[in-house]
Amino acid sequence: MSANDLRRSIIDWIKLISSEVDQIAFERDAAGEMAGDELIEVWLGNYHPETFLHQRAFSATETEAMNVLHEKLYISAPELPTKLSELQKTKEWQELVQIAKDIICLLYTSDAA
């Protein structure tokens, strides 16, 4: 995997977290009833900012923003419902969605520069 591939993959996942409409499609098309759990677990299992590849793919500022999302997901995960319909109703998830939206804005600003 190249740094560009990793960047696209992580951005796609953040976009999914940032969009409740896309989350519903993800539930319908791929993850089924456990979509909420899958959204969280895939991020937690695959986000590795300490790797050389990640450091080539993202700036320090971008990584700092993603670390906020990661920390909040890590802390919140044990308490969040696994069903997407229930997850989307929680204050914690709504805050995570907003963090993801903010990261997407930052990432696209970085890409435009």
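Values in this document were obtained by computation on a predicted structure and should not be read as measured data. (Residues numbered from 1 in each chain as written. Predicted model: local features only at pLDDT ≥ 70, side-chain atom pairs only at ≥ 80, totals over all residues. Heavy atoms only, no water.)

**Topic: the environment of Leu96**
Within the secondary structure, Leu96 is located in helix 7 (residues 91–112). C-alpha of Leu96 to C-alpha of Val68: the two residues are 28 residues apart in sequence and 9.4 Å apart in space. Among all residues touching Leu96, those that are not within four sequence positions of it are Ile17, Leu69, Lys72, Leu73 and Leu80. (Helix = DSSP H or I, 4+ residues; strand = E, 2+ residues; numbered from the N terminus. Contact = heavy atoms within 4.5 Å.)

**Brief notes about the packing of helix 3 (residues 35–46) against helix 5 (residues 60–76)**
Their axes nearest at 10 Å, the elements helix 3 and helix 5 cross at an angle of 120 degrees. Relative to helix 5, helix 3 is oriented oblique. Considering only the axes of helix 3 and helix 5, their crossing is left-handed. Of the residues in helix 5, those in contact with Ile40, Trp43 and Leu44 of helix 3 are Met66, Leu69, His70, Leu73 and Tyr74. Here the residues of the contact of helix 3 with helix 5 are counted per class, giving seven nonpolar, one polar and no charged. (Axes fitted to C-alpha atoms, helices over the stretch in contact; angles between N-to-C directions. Parallel < 35°, antiparallel > 145°, perpendicular 65-115°, else oblique. Left-handed = near helix turned anticlockwise from the far one by under 90°. Nonpolar A, V, L, I, M, F, W, Y, C, P; charged D, E, K, R; others polar.)

These values are about where atoms sit, not about what they do.
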